[in-house]
Amino acid sequence: MPRMLSEPRRIVISTDTVGGVWTYALDLARALADRGIEVVLMIVGPSASVSQRRSVDAIGGVTPVVADLPLDWAARDERELVDAGEAFFNQCRAFDPDVIHLNSPGFAATLAREEAASRTPLVVGLHSCVASWWSAVFPGIDLPPDLAWQLAIVRRGLARADAVIVPSHAFAAAIKPHYGHGLDIEVIPNGRHLSNGGGRQAGAGGLVLTAGRLWDQGKNVATLDRAAAQLAMPIEAAGPVCEPRRGAVAAAFHHLRLVGELDRAAMQDRLDEAGIFVSAAIYEPFGLAVLEAAQARCALVLSDIPTFRELWDGAAVFVEPSDAYGFAREIERLRADGAARLAMADAAARRAGGFGIDAMATETAALYGRVAACRLASVGAPA
């Protein structure tokens, strides 16, 4: 029996190996494969690590392809990005997908408007962007010329999409001033498989932990470094300190206990030891690290920004993002008050239960079906 339009046969999903997009794409690919959908995982940017390759190889129904193309946000100029986009879509055509799910929005700028009716339906996932990041990190300062071209090309790429997915309403509001208030956006929150920490006592660990791209000014790790100087116990920080582009300088911290980049198993071990997870981010479209910490039953101390309020209000302690003393005070309070810590950890775990991988995959697969059906209707169904 032929598959219905609501059940795509084959999907190409693009991903890079840096940060949360990898986790998102892998979880989505696994869940779609479990539904009987073939997934081609097109990997761009830096090569996958040994542990990342093992993670992909362990998933049945998913074909990894190394595209050998630059990260869209790390491209040196528009020509490099346009060339990469053309090469990406050329590689996609070899797999004859029903839908392409592109998580590198700038690549789509290479598509001509007049091809829209004949090309493969395109869903673009926007997980962050240079323009909204800059506005959060450097408010009131114009985007510099060496980044402004990226705004223009991503705007063109989003205009070519049949649908745009973002992970939170707060992020949708942040990007509209840059890409147009008329942009048709689907909000599908990220999801994660429940970690092993779901079975442990809430907030039982003694470790205070943060995690993410430590070099990223949007993560505001410098505030946590100042907070750590005021604490009797250390704050452990997991993640890279050097940006993955040529000539990047490692971020320097003086009071955090840096534990480096951790694979999935090692990160889970750290979360299982943690009683408190802290993030001082000033720019965060969703925050997978926070979700993973909540699933592991950690109490959450978070910066008071729209995304975290949307997702975790009532299930976290909030602090003004630049208030290092405030972070230190709340960490000390939760460390000293076991009952309060356990209550916050229980609240975080309950909230995390609403961000499952099945819900994310179901909504995304339904969106694939809708864009494929709309495309078929626009060109006329075959006789």
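The structure displayed is predicted, hence computed values, not measured ones.

## Side note on the overall build of the protein chain
Phase 1: Helix and strand content of the protein chain: 13 helices and 13 strands.
Phase 2: Burial analysis of the protein chain (383 residues in total) assigns 54% to the buried set.
Phase 3: Within the protein chain, counting contacts between residues at least 6 apart in sequence, those at least 24 apart form 71% of the total.
Phase 4: With an accessible surface of roughly 16200 Å², the protein chain has 53% of that area assigned to carbon and sulfur atoms.

## What to know about the sheet that holds strand β9 (residues 235-238)
Phase 1: Judged by pairing direction, the sheet is parallel, and its 6 strands sit side by side in the order β10-β9-β8-β11-β12-β13 without closing on themselves. With one partner strand each, in any of the chains shown, β10 (257-260) and β13 (317-319) form the two edges of the open sheet. Ignoring strand direction, the axes of neighbouring strands in this sheet form an average angle of 25°.
Phase 2: Two strands pair when backbone bridges link them, and strand β8 (residues 207-211) and β9 are joined in this way by 4 bridges, in the parallel orientation. Within β9, the residue paired with Leu209 across the bridge is Glu236.
Phase 3: Strands in contact with helix α12 (residues 338-352) are β11 (274-279), β12 (299-303) and β13; relative to β12, the strand with the most contacts, it is inclined by about 80°.

## A look at the environment of Leu69
Phase 1: By the secondary structure assignment, Leu69 is in the loop between β3 (62-66) and α3 (78-93).
Phase 2: Along the sequence, Leu69 and Leu81 sit 12 residues apart, while their C-alpha atoms lie 9.1 Å from each other.
Phase 3: With residues up to four places along the chain from it excluded, the contact list for Leu69 reads Val44, Gly45, Ala84, Ala87, Phe88, Gln91 and Phe107.

## Considering the nonpolar core
Phase 1: Core analysis: the largest hydrophobic core is formed by 45 residues, its most contacted members being Phe88, Leu102, Phe107, Leu126 and Tyr179.
Phase 2: Excluding residues that lie within four positions of it along the chain, Leu126 makes contacts with Pro105, Leu158, Val164, Ile165, Val166, Pro167, Phe171, Ile175 and Tyr179.
Phase 3: Counting residues in hydrophobic clusters, the runner-up holds 32 residues, among them Ala29, Ala48, Met360 and Ala365.

## Things to note about helix α6 (residues 169-179)
Phase 1: Of the residues making up α6, those classed as buried are Ala170, Phe171, Ala172, Ile175, His178 and Tyr179.
Phase 2: Downstream of α6 by a residue or two, Gly180 has a phi angle that is positive, lying close to 110°.

## Observations concerning the packing of aromatic side chains
Phase 1: Tallied over the entire structure, the rule returns 8 aromatic pairs.
Phase 2: Between Phe88 and Phe89 the ring centres are 5.2 Å apart and the planes differ by 80°, which places this aromatic pair in the edge-to-face class. The pair Phe88 / Phe89 is uniform in exposure class, with both members buried.
Phase 3: When the ring of Trp134 is compared with that of Phe138, the centres are 4.3 Å apart and the planes differ by 45°; the resulting orientation is tilted.

## A short note on unusual backbone geometry
Phase 1: One non-glycine residue, Asp68, adopts positive backbone phi at about 55°.
Phase 2: Note on placement: Asp68 falls in the loop between β3 and α3.

## So, the sheet that holds strand β5 (residues 122-125)
Phase 1: Ordered by their spatial adjacency, 7 strands build an open sheet running β3-β2-β1-β4-β5-β6-β7, and the pairing between neighbours is parallel. Each of the sheet's edge strands pairs with one partner strand only, and the pair in question is β3 and β7 (185-187). In this sheet, adjacent strand axes meet at a mean angle of 25° when their direction is disregarded.
Phase 2: Looking at chain direction, strand β6 (residues 163-166) and β7 are connected through 3 bridges and run parallel. Bridge pairing links Ile165 to Glu186 in β7.
Phase 3: Sitting on the sheet, helix α1 (residues 20-34) is in contact with β1 (10-16), β2 (38-44), β3 and β4 (99-102), with an inclination near 160° to β1.

## Notes on the confidence of the model for the protein chain
Phase 1: Chain-level pLDDT for the protein chain is 88 on average; 90% of the residues reach the 70-or-more range.
Phase 2: Predicted confidence is poor over residues 1-5, with pLDDT under 50, and the contacts of this stretch with residues over four places away or in other chains come to 8 contacts.

## Focus on the environment of Gly338
Phase 1: The residue Gly338 is located in helix α12 in this model.
Phase 2: You can call Gly338 partly exposed: its relative accessible area is 27%.
Phase 3: As a C-alpha pair, Gly338 and Gly275 span 63 residues in sequence and 9.8 Å in three-dimensional space.

## So, the environment of Gly20
Phase 1: Note on placement: Gly20 falls in helix α1.
Phase 2: Each C-alpha atom, one on Gly20 and one on Arg213, is 9.6 Å from the other, the two residues being 193 residues apart in sequence.

## Looking at the packing of α3 against helix α5 (residues 145-159)
Phase 1: As a packed pair, α3 and α5 sit with axes 10 Å apart at the nearest point and diverge in direction by 25°. The angle between the axes of α3 and α5 places the two elements in the roughly parallel class. Between α3 and α5 the crossing geometry is right-handed. Residue-level inspection shows Glu78, Leu81 and Val82 of α3 in contact with α5, the latter providing Trp149, Ile153 and Arg156.

## What to know about the pattern of salt bridges
Phase 1: Scanning the entire structure with this criterion turns up 19 salt bridges.
Phase 2: A salt bridge links Arg192 to Glu292; its shortest N-O distance comes to 2.9 Å. Remark: Glu292 occurs in helix α9 (residues 288-295) and Arg192 occurs in the loop between β7 and β8; sequence separation between them is 100 residues. One exposure class covers both Arg192 and Glu292, and it is buried.
Phase 3: The partner of Glu236 in a salt bridge is Arg257, with the nearest N and O atoms 3.7 Å apart.

Cut-offs used in this document
- Residues numbered from 1 in each chain as written.
- Predicted model: local features only at pLDDT ≥ 70, side-chain atom pairs only at ≥ 80, totals over all residues.
- Heavy atoms only, no water.
- Helix = DSSP H or I, 4+ residues; strand = E, 2+ residues; numbered from the N terminus.
- Buried < 20%, exposed > 50% of the residue type's maximum accessible area, 1.4 Å probe, protein only.
- Contact = heavy atoms within 4.5 Å.
- Areas by Shrake-Rupley, 256 points an atom, 1.4 Å probe, with all protein chains shown as cover.
- Pairing = 2+ DSSP bridges.
- Axes fitted to C-alpha atoms, helices over the stretch in contact; angles between N-to-C directions.
- Core = buried A, V, L, I, M, F, W, Y, C linked by side-chain atoms within 4.5 Å.
- Phe/Tyr/Trp six-rings, centres within 6.5 Å; stacked < 30°, edge-to-face > 60°.
- pLDDT = per-residue confidence, 0-100.
- Parallel < 35°, antiparallel > 145°, perpendicular 65-115°, else oblique.
- Left-handed = near helix turned anticlockwise from the far one by under 90°.
- Salt bridge = Lys/Arg side-chain N within 4 Å of Asp/Glu carboxyl O.

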